[in-house]
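Tertiary structure, described
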Amino acid sequence: MMPFSPKPKLNLQPKAAVLPERAKIMLGGLELRPDLSGALHVPDMNALIISDLHLEQGTSLARRGIRVPPFDTIITITILEEVITQFKPQRLIFLGDSFHDDEGETRVEETLMRRLQKIAIGHECFWICGNHDPSPPRNLAGHAADHILLGPITLCHEPARLRKDEFEICGHLHPGCAVTQRGRRVAGKCFVADERRLSMPAFGAYTGALSVFSKPYERLFKHDETRAWMIGQERIYQFPFSRLS
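Residues numbered from 1 in each chain as written. Predicted model: local features only at pLDDT ≥ 70, side-chain atom pairs only at ≥ 80, totals over all residues. Heavy atoms only, no water.

A full pass over the atoms with the stated rule returns 10 salt bridges. Glu-31 is the partner of Lys-24 in a salt bridge, and the nearest nitrogen-oxygen pair spans 3.2 Å. The pair Lys-24 / Glu-31 is uniform in exposure class, with both members buried. Taking the shortest distance from any N to any O, the salt bridge between Arg-107 and Asp-101 comes out at 2.8 Å. By relative accessible area, which is 17% here, Arg-107 ends up buried. Overall, Asp-101 belongs to the buried group, its relative accessible area being 14%. If you follow the salt bridges from partner to partner, you end up with Lys-24, Glu-31 and Arg-33 in one network. (Salt bridge = Lys/Arg side-chain N within 4 Å of Asp/Glu carboxyl O. Buried < 20%, exposed > 50% of the residue type's maximum accessible area, 1.4 Å probe, protein only.)

Structure representation (structure tokens):
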């Protein structure tokens, strides 16, 4: 694993790619494909972006007296392996909170850690540090940073104040939304974006969602330009902000 530097910048440049217009988000001139898993495929970069794995969340909760089935890590890693097999990316970019706490890596079962190591060794991995895991992984290959540059877009854990002509993909907030249609209210995790920022849903098996109407989202998005991509069981549904409830 490369030595950790508190504030390195990694500037990754795109390769040429032409894909159909459907099922994509455009940000900073890059085409982004939201996936049912909560991952974000960037075909121009041959990259897959994943946010908030929160591995070992179950054991962390157990330490606080909250008993939940200890299966979140195996479920999350299995889904991650399936998504990697589907998209076959060269680069994997984790947007922080990969572990639920800074000691989470030490609690991962040996067989599961070997699966994680295989993923890390087999790809160009970038580990962005989060508020739950401010230290870089100790036993996983890759580059550690507090943010990286993906072409014109800054990738980070927590959203930052954007200056003119800046673009951002962030995690941390675990966005979720709801819509009411034909008298039925449906809610789920979502990607939410306007013309300058995209907030990623949490990938972890035990992670929940925070409504995009909650206080942390205030002033992050221009509502007249904002859309949500809600994750359903079989497809992703796109809604303008005005349709959300």
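So much for the structure itself; the text now carries on.
By the criterion of burial, strand 7 (residues 124-128) is predominantly enclosed, with 4 of the 5 residues buried. One ladder, built from 4 bridges, connects strand 6 (residues 91-94) with strand 7; its direction is parallel. Of the residues in strand 7, the one forming a bridge with Arg-91 is Glu-124. As defined by bridge partners, strand 7 adjoins strand 8 (residues 143-145) across 3 bridges and the pair is classed as parallel. (Helix = DSSP H or I, 4+ residues; strand = E, 2+ residues; numbered from the N terminus. Pairing = 2+ DSSP bridges.)

So, on to a nonpolar patch on the surface. A contiguous nonpolar surface patch, about 260 Å² in accessible area, is contributed by Phe-71, Ile-74 and Ile-75. Note on placement: Ile-75 falls in helix 2 (residues 72-87). Here Ile-75 falls in the partly exposed class, since its relative accessible area comes to 37%. (Patch = residues over 30% accessible without salt bridge, like charges linked within 9 Å, V, L, I, M, F, W, Y side chains within 5 Å. Areas by Shrake-Rupley, 256 points an atom, 1.4 Å probe, with all protein chains shown as cover.)

A few words now on the environment of Asp-133. Turning to its location among the elements, Asp-133 is positioned in the loop between strand 7 and strand 8. Residues Asp-133 and His-54, 79 residues apart in the sequence, show an inter-C-alpha distance of 9.0 Å. Dropping the residues within four chain positions of it, Asp-133 is found in contact with Gly-96, Asp-97, Ser-98, Phe-99, Asp-101 and Asp-102. Of note is the side chain of Asp-133, whose polar atom sits 2.8 Å from the backbone nitrogen of Ser-98. In terms of polar contacts, Asp-133 uses its side chain to reach the backbone amide nitrogen of Phe-99, at 3.3 Å. (Contact = heavy atoms within 4.5 Å. Polar contact = N/O pair within 3.5 Å; in protein donor to acceptor, adjacent residues only side chain to side chain.)

What follows concerns the nonpolar core. Among the nonpolar cores identified, the biggest contains 26 residues, and Leu-32, Ile-49, Ile-93, Leu-155, Ile-169, Phe-191 and Leu-198 are the most heavily contacted of them. Beyond its immediate stretch of four places on either side in the chain, Leu-155 contacts Ile-49, Ile-93, Leu-95, Ile-128, His-147, Ile-148, Leu-150 and Ile-169. (Core = buried A, V, L, I, M, F, W, Y, C linked by side-chain atoms within 4.5 Å.)

Turning our eyes to something else, we now look at helix 4 (residues 110-121). Its 12 residues give helix 4 an end-to-end C-alpha distance of 16 Å, which sits within 8% of 16 Å, the value for a rise of 1.5 Å per residue. Buried residues of helix 4: Leu-112, Met-113, Leu-116, Ile-119 and Ala-120, and no others. Taken down its axis, helix 4 places every buried residue within 115 degrees of arc, on the same side. Those residues of helix 4 that are exposed and aimed more than 90 degrees away from the buried face are Glu-110, Lys-118 and Ile-121. Residues of helix 4 that are buried in the fold lie against helix 2, strand 6, helix 3 (104-107) and strand 7. (Expected span 1.5 Å × (residues − 1). Arc of directions from axis to C-beta.)

Here helix 2 spans 23 Å end to end across 16 residues, near enough to the 22 Å set by a 1.5 Å rise per residue. By the burial criterion, the buried members of helix 2 are Asp-72, Thr-73, Thr-76, Ile-77, Leu-80, Val-83, Ile-84 and Phe-87. Down the axis of helix 2, the sector holding all buried residues measures 125 degrees, keeping them to one side. Looking at helix 2, the residues exposed on the side facing more than 90 degrees away from the buried face are Glu-82, Thr-85 and Gln-86. Those residues of helix 2 that are buried are in contact with strand 4 (40-42), strand 5 (47-50), helix 1 (57-63), strand 6 and helix 4. Lys-88 occupies a position one or two residues after helix 2 and carries a positive phi of about 50 degrees.

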